[in-house]
Amino acid sequence: MTLDVKRIAAISLDLDDTLWPIWPTIERAERVLHQWLVREAPKTASLLITPGVLRELREATAKERSDLAHDLSALRRESIRAALRRAGEDPALADPAFDAFFAERQRVTLYDDVLPALRWLSERYPLVAISNGNADLKLTGVSRWFRSGFNAREFGSGKPHAPIFRAAAASVGLLPKDVLHVGDDAVLDVVGALEAGMQAAWLVRDERPWEHGARPQLIVPNLHALCMALESA
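Below, the structure is looked at part by part. (Residues numbered from 1 in each chain as written. Predicted model: local features only at pLDDT ≥ 70, side-chain atom pairs only at ≥ 80, totals over all residues. Heavy atoms only, no water.)

**Things to note about the overall build of the protein**
Then step 1. Secondary structure summary: the protein contains 10 helices and six strands in total.
Then step 2. A globule of 233 residues ought to have a C-alpha radius of gyration of about 17 Å, and the protein, at 19 Å, matches this closely.
Then step 3. Taken over 233 residues, the protein has a buried fraction of 51%.
Then step 4. Of the contacts formed within the protein by residues at least 6 apart in sequence, a portion of 61% connects residues at least 24 apart.
Then step 5. When the accessible area of the protein is evaluated, it comes to approximately 11,300 Å², of which 52% is carbon and sulfur surface. (Helix = DSSP H or I, 4+ residues; strand = E, 2+ residues; numbered from the N terminus. Rg over C-alpha atoms; globule rule 2.2 N^0.38 Å. Buried < 20%, exposed > 50% of the residue type's maximum accessible area, 1.4 Å probe, protein only. Contact = heavy atoms within 4.5 Å. Areas by Shrake-Rupley, 256 points an atom, 1.4 Å probe, with all protein chains shown as cover.)

**Details of the sheet that holds strand 5 (residues 199-203)**
Then step 1. If you trace the six strands from one edge of the open sheet to the other, you get 3-2-1-4-5-6, paired in parallel fashion. In this open sheet, the two strands that pair with only one neighbour each are strand 3 (148-151) and strand 6 (218-220). Direction aside, the axes of adjacent strands within the sheet are offset by 20 degrees on average.
Then step 2. Two strands pair when backbone bridges link them, and strand 1 (residues 10-13) and strand 4 (residues 179-183) are joined in this way by four bridges, in the parallel orientation. Paired with Ile11 across the strands is Leu180, a residue of strand 4.
Then step 3. In this fold helix 9 (residues 186-195) packs onto strand 4 and strand 5, with an angle of close to 165 degrees to the strand it touches most, strand 5. (Pairing = 2+ DSSP bridges. Axes fitted to C-alpha atoms, helices over the stretch in contact; angles between N-to-C directions.)

**With respect to the side chain of Ser12**
Then step 1. Positionally, Ser12 belongs in strand 1.
Then step 2. A polar contact is formed between the side chain of Ser12 and the side chain of His181, at a distance of 2.7 Å.
Then step 3. When neighbours within four sequence positions are excluded, Ser12 is seen to be in contact with Val128, Ile130, Val179, Leu180, His181, Val182 and Met198. (Polar contact = N/O pair within 3.5 Å; in protein donor to acceptor, adjacent residues only side chain to side chain.)

**Things to note about the environment of Ile130**
Then step 1. Of note, Ile130 is situated in strand 2 (residues 127-131).
Then step 2. As a C-alpha pair, Ile130 and Val182 span 52 residues in sequence and 9.5 Å in three-dimensional space.
Then step 3. Discounting residues that sit within four places of it in the chain, Ile130 has contacts with Ser12, Leu13, Asp14, Leu15, Phe150, Lys159, Ile164, Phe165, Ala168 and His181.

**Remarks on the pairing of strand 5**
Then step 1. Where burial is concerned, most of strand 5 is hidden: five out of the five residues are buried.
Then step 2. Burial along strand 5 is two-sided: Gln199, Ala201 and Leu203 facing one way and Ala200 and Trp202 facing the other are all buried.
Then step 3. Sheet analysis places strand 4 next to strand 5, joined by four bridges and oriented parallel. Looking at the pairing, Val182 lines up with Ala201 of strand 5.
Then step 4. As a crossover connection, the stretch from strand 4 through helix 9 into strand 5 is right-handed.
Then step 5. Bridge analysis of strand 5 against strand 6 gives three bridges, and the strand direction is parallel. Residue pairing across strands places Trp202 opposite Ile219, the latter belonging to strand 6. (Right-handed = clockwise from strand over helix to strand, strands pointing away.)

**A short note on helix 5 (residues 94-105)**
Since one α-helical turn is 3.6 residues long, residues separated by three or four positions face the same way.
Then step 1. For helix 5, with 12 residues, the first-to-last C-alpha span of 16 Å sits near the 16 Å given by 1.5 Å per residue.
Then step 2. Those residues of helix 5 lying buried are Ala94, Ala97, Phe98, Ala100, Phe101, Glu104 and Arg105. Seen along its axis, helix 5 keeps its buried residues to an arc of 155 degrees; they face one direction.
Then step 3. Residues of helix 5 that are buried in the fold lie against helix 1 (22-40) and helix 4 (72-87). (Expected span 1.5 Å × (residues − 1). Arc of directions from axis to C-beta.)

**Re the packing of aromatic side chains**
Then step 1. Tallying each qualifying case throughout the model produces four aromatic pairs.
Then step 2. When the ring of Phe150 is compared with that of Phe155, the centres are 6.1 Å apart and the planes differ by 80 degrees; the resulting orientation is edge-to-face.
Then step 3. When its relative accessible area of 32% is taken as the criterion, Phe155 is described as partly exposed.
Then step 4. Counting every residue linked through ring pairs, the aromatic cluster contains Phe98, Phe101 and Phe102.
Then step 5. It is Arg77 that lies over the ring of Phe98; its NZ or CZ is 4.5 Å from the centre.
Then step 6. Over the ring of Tyr111 we find Arg205, and its NZ or CZ is 3.7 Å from the ring centre. (Phe/Tyr/Trp six-rings, centres within 6.5 Å; stacked < 30°, edge-to-face > 60°. Lys NZ or Arg CZ within 6 Å of the ring centre and 35° of its normal.)

**Remarks on unusual backbone geometry**
Then step 1. For the peptide bond that leads from Lys159 to Pro160, omega is 10 degrees, which places it in the cis range.
Then step 2. The topology assignment puts Pro160 in the loop between helix 7 (152-155) and helix 8 (162-171).
Then step 3. Its identity as a non-glycine residue notwithstanding, Asp17 has a phi of 65 degrees, on the positive side.
Then step 4. Within the secondary structure layout, Asp17 lies in the loop between strand 1 and helix 1.
Then step 5. For Asp17, a relative accessible area of 23% puts it in the partly exposed group.

Remember that the coordinates give geometry; whether it matters functionally is a separate question.
In structure tokens:
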């Protein structure tokens, strides 16, 4: 499949691991959460020092609360609440504890290619964010480049399901066929966008083979390469 640049009237972009690396951000936010618990809920902080306990609680919460599958914020808040209960401390502390985590989670470090690319792209296309994560466009500092943004929690379902892609296209007055979606996840971003009727660019910052059926119209190592491909076409 080749990219039909003439068809592109807007671009939708994933956020985590597309505009910034997510795991360093999450690890730092979890350290801030732990420091908060040391001060406010020391028994829970001690419980969570044991490797794997928080992950186990998150997985248990995800099973018990399948209704929250699309809401990573709610899942994390409820797993903190479960930890507080297990440690015998006030479960109401889950809300301020999550707030400490969430504030730090928004302090992202953009990949070097991102700001120049967002400037270049936003001068030529309306940009829409589509994310399954809980990054906030304003708090992360990238909202000025985007016309609109969709996340799974607020929308009610996420990628790879078609409705969120269709809604993103409709938010800038277009059909999915007129939109190029760009993201790092082969299934959530590329397969999801293709099945919704969009063109798709797979952003692969590390070398990985394509292992799925329908192929993306474009594979790029970074957003600078995306801009170059669009300009040269």
